[in-house]
Amino acid sequence: MGSFRGHALPGSFFCFMGLWWSTKYILKYACKKYKRTCYLGSKALFHRIEVLEGIIIIAMALSGMTWEQFVPGGPYLTLYDYKEGQWNQLLEWQHCTMYFFFGLLGVTIILCYMSRSLPVSLAKLMMSNAFFVEAFIFYNHTHGRDMLDIYVHQLLVLIIAVTGLLTFIDFMKSNIILELLQPSFILLQGTWFWQIGFVLYPPNGGPAWEPTDHDNIMFVTICFCWHYAFSLIVSGLNYVFVTWLVKFKLKRFCPSEIGLLKNAEREQELEEEM
């Protein structure tokens, strides 16, 4: 991850998942609120989506781990260099550990929605666990670095810790406000990864930022607030668009005559409860 591409990769992952989770939670809420009983709002469809989501998360985690291990100059699965008598590129191993826990999240999601013996809420617990592990890793990631490097990573740890806390609270007691707020912080984490890449590793050979300049610290603080505002605006616009889509555009696809699907879902829910 010690490069611009190394920060752009997880940044792209978190931006994509933040937008996706925002859309999914809004779609579930809107379909329930406006009583859309067609296949687009059915429980069966969302179960299939959850399984696909788990597969995508696993693929992202594996690609991230592969990048960290086998990029030119990477550790190539060597944790300890016996010839040199020292650990081998532990920063890359930390990044792999982060990706590994998100891979476990993907596996948990698939198991929860394919096996009735596991509670669905277990996926949220595993998600909060993945974020807490990520926060712990990045908190111990910048020892001996420059002031600017430490500061941008401290802001990243703040984002991750808040995301993990929101996810854990949502696991304890599900709430639509938390479900809408959590993806905005995941999106913020993604855009901030990109910002770290631009600050520490300017692309196209651009001039590096002065790591000890206090003005740079002040600008990064302002920039962080802009990123936060951007994530909230995107989440708000996404809410307006998805709600409008469900309320007005799905009427033609969700006629009242197809209440059979709703009855079938109720029967399935009763079977699961029994």
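Shown above is the structure to which this text applies.
Quick notes on the rules
Within every chain, residues take consecutive numbers counted from 1 along the sequence as written. Whole-chain, interface and lining totals are the exception, using all residues; otherwise, since this is a predicted model, local features are given only for residues with pLDDT of at least 70 and side-chain atom pairs are given and counted only at 80 or more. Just so you know, side-chain values use all the structure's heavy atoms and leave hydrogens and water out. Salt bridges, as used here, are contacts in which a Lys or Arg side-chain nitrogen is within 4 Å of a carboxyl oxygen on Asp or Glu. Think of it this way: any DSSP run of H or I at least four residues long counts as a helix, any run of E at least two long counts as a strand, and we number them from the N terminus. Buried residues are those whose accessible area, probed at 1.4 Å on protein chains only, stays under 20% of the maximum for their type, while exposed residues exceed 50% and partly exposed ones sit between those limits. As used in this record, nonpolar core signifies buried Ala, Val, Leu, Ile, Met, Phe, Trp, Tyr and Cys residues forming a set joined through side-chain atoms within 4.5 Å. Contacts: residue pairs with any heavy atoms within 4.5 Å of one another. Comment: axis = line fitted to C-alpha atoms, over the contacting stretch for helices; angle = value between 0 and 180 degrees taken between N-to-C directions. Orientation categories follow fixed angle ranges, with anything under 35 degrees roughly parallel, anything over 145 roughly antiparallel, 65 to 115 roughly perpendicular, and all other angles oblique. Each helix crossing is assigned a hand: it is left-handed if the near helix lies turned anticlockwise from the far helix by less than a right angle, otherwise right-handed if that turn is clockwise. In plain terms, two cysteine sulfur atoms within 2.5 Å form what is called a disulfide here. We call two N or O atoms a polar contact when they sit within 3.5 Å, provided that within protein one can donate a hydrogen and the other can accept it, with sequence-adjacent residues counted only if both atoms are side-chain atoms. Only Phe, Tyr and Trp rings take part, Trp by its six-membered ring, and two of them pair if their centres are within 6.5 Å. Stacked means planes under 30 degrees apart, edge-to-face means over 60, and tilted covers everything else. Here the expected span of a helix is defined as 1.5 Å times the quantity of residues minus one.

**Student:** I tried to follow the pattern of salt bridges on my own but got confused; where do I start?
**Tutor:** Pairing is possible between side chains that carry opposite charge, provided their charged atoms lie close to one another. Going through the model one piece at a time under the given rule, you end up with 6 salt bridges. In this structure, Glu-53 engages Lys-24 in a salt bridge whose closest nitrogen and oxygen atoms are separated by 2.9 Å. Of this pair, Glu-53 sits in helix α2 (residues 43-70) while Lys-24 sits in helix α1 (residues 4-33); the two residues are 29 residues apart in sequence, bridging distant segments of the chain. Both residues of the pair, Glu-53 and Lys-24, belong to the buried class. Linking Lys-124 and Asp-170 is a salt bridge whose minimum nitrogen-to-oxygen distance equals 2.8 Å. Note that Lys-124 is positioned in helix α4 (residues 122-139) and Asp-170 in helix α5 (residues 147-172), a separation of 46 residues in sequence. The same class applies to Lys-124 and to Asp-170, which are both buried. Residues participating in the shared-partner salt-bridge network are Lys-24, Lys-28, Glu-50 and Glu-53.

**Student:** Would you mind showing me how to read the nonpolar core here?
**Tutor:** Trp-21 and Trp-192 are the most contacted members of the largest nonpolar core, which totals 45 residues. Those elements that place two or more of their residues in this core are α1, α2, α3 (90-114), α4, α5, α6 (176-200) and α7 (214-249). Excluding residues that lie within four positions of it along the chain, Trp-21 makes contacts with Glu-53, Ile-57, Leu-105, Met-127, Pro-183 and Ile-186. Within the second largest apolar cluster, 5 residues are counted, among which are Ile-26, Cys-31, Val-242 and Val-246.

**Student:** I'm lost on the packing of α2 against α3 in this one. Help?
**Tutor:** Pairs of packed helices are described in terms of their axes, by the angle between the two and the distance that separates them. Packing of α2 against α3 leaves a shortest axis separation of 8 Å and a crossing angle of 165°. On the basis of the axis angle, α2 is roughly antiparallel to α3. Two packed elements cross with a definite hand, and for α2 against α3 that hand is left-handed.

**Student:** Can you help me understand the state of the cysteines in this one?
**Tutor:** Here, disulfide denotes a covalent bond that connects the sulfur atoms of two cysteines. Tallied over the entire structure, the rule returns 0 disulfides. The closest cysteine sulfur to the non-disulfide-bonded Cys-223 is located on Cys-225, 9.3 Å from its own sulfur. According to the relative accessible area criterion, Cys-223 is buried, its value standing at 8%.

**Student:** Would you explain unusual backbone geometry in this entry?
**Tutor:** Most peptide bonds take the trans configuration, and most residues that are not glycine carry a negative phi. A positive phi angle, close to 50°, is found at Tyr-76, a residue other than glycine. Along the chain, Tyr-76 falls in the loop between α2 and β1 (80-81). On the basis of relative accessibility, which here comes to 44%, the residue Tyr-76 falls in the partly exposed class. Although it is not a glycine, Leu-77 adopts a positive phi angle of roughly 65°. Tracing the sequence through the fold places Leu-77 in the loop between α2 and β1.

**Student:** Quick question: what am I supposed to make of the side chain of Gln-182 here?
**Tutor:** With respect to the secondary-structure elements, Gln-182 resides in helix α6. Among the residues examined, Gln-182 registers a relative accessible area of 2% and is labelled buried. Within the local environment of Gln-182, its side chain forms a polar contact with the side chain of Thr-167, the two groups lying 2.8 Å apart.

**Student:** Just to check I follow, could you spell out the packing of aromatic side chains for this structure?
**Tutor:** Two numbers describe a pair of aromatic rings. These are the distance of the centres and the angle of the planes. Under the criterion given, the structure shown has 18 aromatic pairs. Chaining the aromatic ring pairs together yields one cluster made of Phe-14, Phe-102, Phe-131, Phe-138 and Phe-193.

**Student:** I would appreciate a short explanation of α6 in the present structure.
**Tutor:** Each full turn of the α-helix corresponds to 3.6 residues, which orients residues three or four apart in the same direction. Here α6 spans 37 Å end to end across 25 residues, near enough to the 36 Å set by a 1.5 Å rise per residue. Within α6, 19 of the 25 residues are buried, which leaves the element mostly enclosed by the surrounding structure. Of the residues that open α6, the one with a side-chain oxygen 2.7 Å from the backbone nitrogen of Ile-177 is Asn-175.

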